[in-house]
Amino acid sequence: MPLKFRKLLISDERFESAGVFDVNNDGVPDIVSGEFWYEGPDFKKKHRIGSIRAEGEYFDDFSTIPMDINGDGLMDFVTGGWWGNTLRWRENPGDPSKDWPEHIIAETGNVETTRAWDVDGCGIPELIPNCPGMPVVIFKLKTDKSGKGTGEFQRIQITDSAQGHGLGAGDIAGNRRVDIVLNRGWLEAPKKPLEQKWKWHQELELPGSSCVPILVADVNGDGRNDLIAGGGHEYGLFWYEQIADAKGKRAWKKHVIDPDNSQYHDMKWIDIDGDGQCELLTGKRYRAHCGHDSGANDPYGIYYFKWNGECFTKQVVCYGPLRETKGLGIHFAAADLTGNGLPDIIAPGKDGLCVFYTEK
């Protein structure tokens, strides 16, 4: 049976990124989005974080990655944006009446968005911004002897060539390492990923404006991880089956999931219905390029796609025209906000900030 969802409008703010974490250490998850955080469990109380640079319809704030960066026991978060050309973190002051100081991690070039994966298996995720036209760089949080963050990062460049639009990570080679996926190939992780050279495999042809993240998952259960990618600024959502050709060489077979919707910019591989199997959760980034993308004015929504053993079946969270529906922005979140064991959907975007409570 398809799930039921209860929609709650949190704010009409137009920030495109949101995260969920316990800001005030009261044991209750809060929502952080743009210039504000919203106190759980009902998210009615709104606290200021600080000003963010505005550029037309955009705000220069394209991720909300929670990390205790300075080791003080309070969760901070990582952001960055296209115009600031920097990767940044906001420091949790521990006082809801104070703004969150902003710190520059590095000059990076234009940041499409940033994601975090534990590349070296240390237990603390590393940061990897998607910066089209720039090399792939990993930023590792420096820690003290007790394992706490020091507020500083190590920069590790793993390519000389430029990346494009799209970024993902996961085990493609089948050796339990975290490889990195780009829209025209993938980088195979060495045994010591922050010290040794990565191997480039140019064997992919994903959408030119691929989503972030490109998902790495074993879709069909054959023991080989496949890829899922959408067109962040074009039509189409696809999965790419990892196969071996006649000579035993790795190849990728393209399958269509949804050809009729556009601007699939962010997605998650998550068990949303509690059956022990992951589903594909995604939706449209409303006005990703401010009305200039293919399908920008189409009806739109949020969906989850369930693998039935042969293909994906589409289930609708919401769908329709503006103000009757909702998109997912550039960095959405999923977390169990009610304690019912099912992840809820925290949906930011130029069309407001909403929560979709997943109900049994």
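Residues numbered from 1 in each chain as written. Predicted model: local features only at pLDDT ≥ 70, side-chain atom pairs only at ≥ 80, totals over all residues. Heavy atoms only, no water.

## Remarks on the overall build of the chain
In terms of regular secondary structure, the chain is built from 0 helices and 30 strands. For 360 residues, the compact-globule estimate of 2.2 N^0.38 gives 21 Å, and the C-alpha radius of gyration of the chain, at 20 Å, lies within 12% of that figure. For the chain, the proportion of its 360 residues judged to be buried stands at 55%. The contacts in the chain between residues at least 6 apart in sequence include a share of 47% that link residues at least 24 apart. Accessible surface for the chain amounts to roughly 15200 Å². Of this, 47% is attributable to carbon and sulfur atoms. (Helix = DSSP H or I, 4+ residues; strand = E, 2+ residues; numbered from the N terminus. Rg over C-alpha atoms; globule rule 2.2 N^0.38 Å. Buried < 20%, exposed > 50% of the residue type's maximum accessible area, 1.4 Å probe, protein only. Contact = heavy atoms within 4.5 Å. Areas by Shrake-Rupley, 256 points an atom, 1.4 Å probe, with all protein chains shown as cover.)

## Comments concerning the pattern of salt bridges
In the structure shown here, the tally under the stated rule is 23 salt bridges. A salt bridge links glutamate 13 to lysine 46, with the nearest nitrogen and oxygen atoms 2.9 Å apart. Taken together, the residues glutamate 13 in the loop between β1 (4-11) and β2 (19-21) and lysine 46 in strand β5 (residues 45-48) connect sequence positions 33 residues apart. By relative accessible area, which is 24% here, glutamate 13 ends up partly exposed. (Salt bridge = Lys/Arg side-chain N within 4 Å of Asp/Glu carboxyl O.)

## As for the nonpolar core
Ile228 and Leu280 are the most contacted members of the largest nonpolar core, which totals 25 residues. Elements represented by at least two residues in this core include exactly β20 (215-217), β21 (226-230), β22 (235-244), β23 (250-262), β24 (264-270) and β26 (300-307). Among the elements that line this core, the one with the most residues is β22, at 4 residues. Each residue touching isoleucine 228, except ones within four places of it in the same chain, is listed here: Cys211, Ile214, Leu215, Val219, Leu237, Phe238, Trp239, Ile257, Met267, Trp269, Leu280 and Phe312. (Core = buried A, V, L, I, M, F, W, Y, C linked by side-chain atoms within 4.5 Å.)

## A short note on the pairing of strand β14 (residues 137-143)
Of all 7 residues making up β14, 5 are buried, and the element is well covered by its neighbours. Note that β14 and strand β15 (residues 149-157) share 6 bridges and pair antiparallel. From the neighbouring strand, phenylalanine 139 faces β15, where its bridge partner is arginine 155. Connecting the antiparallel pair β14 and β15 is a turn made up of 5 residues, with glycine 147 showing a positive phi of about 90°. (Pairing = 2+ DSSP bridges.)

## Things to note about the pairing of β26
On any regular strand, side chains alternate: one points to one face of the sheet, the next to the other face. With 6 of its 8 residues buried, β26 lies for the most part within the structure. In the sheet, strand β25 (residues 279-284) pairs with β26 via 4 bridges, with the strands oriented antiparallel. Following the sheet pairing, leucine 280 is matched in β26 by phenylalanine 305. Where β26 meets strand β27 (residues 312-320), 8 bridges bridge the pair, whose relative direction is antiparallel. When the sheet's bridge partners are listed, isoleucine 302 is paired in β27 with cysteine 318. Hairpin connection between β26 and β27: a loop of 4 residues separates the two successive antiparallel strands, and glycine 309 in this loop has a positive phi of roughly 100°.

## Some words on the side chain of serine 33
Its place among the elements puts serine 33 in strand β3 (residues 30-33). Taking relative accessible area as the criterion, serine 33 reaches 2% and is therefore assigned buried. A polar atom in the side chain of serine 33 sits 2.7 Å from the backbone oxygen of serine 17. (Polar contact = N/O pair within 3.5 Å; in protein donor to acceptor, adjacent residues only side chain to side chain.)

## With respect to the state of the cysteines
Working definition: the covalent bond between the sulfur atoms of two cysteines is a disulfide. A complete count under the given rule lists 0 disulfides for this structure. Of the cysteine sulfurs around cysteine 211, a residue in no disulfide, the closest is that of cysteine 278, at 16 Å. Residue classification places cysteine 211 among the buried residues on the basis of a relative accessible area of 0%. (Disulfide = S-S within 2.5 Å.)

## Some words on the sheet that holds strand β29 (residues 344-347)
What the 4 strands build is an open sheet, ordered β1-β30-β29-β28; its pairing is antiparallel. Looking at which strands have only one partner, the edges of the open sheet turn out to be β1 and β28 (333-335). Sheet twist, expressed as the average angle between the axes of neighbouring strands with direction ignored, equals 20°. Bridge count for β1 against strand β30 (residues 353-359) is 7 bridges, and the pairing is antiparallel. Opposite arginine 6, over in β30, you have tyrosine 357 as the bridge partner. (Axes fitted to C-alpha atoms, helices over the stretch in contact; angles between N-to-C directions.)

## Examining the environment of lysine 253
Here lysine 253 is to be found in strand β23. For lysine 253, a relative accessible area of 44% gives the class partly exposed. Measuring from C-alpha to C-alpha, the distance between lysine 253 and lysine 360 comes to 36 Å, with 107 residues separating the pair along the chain. Once residues lying within four places of it in the same chain are set aside, the contact partners of lysine 253 are Trp239, Tyr240, Glu241 and Ile243.

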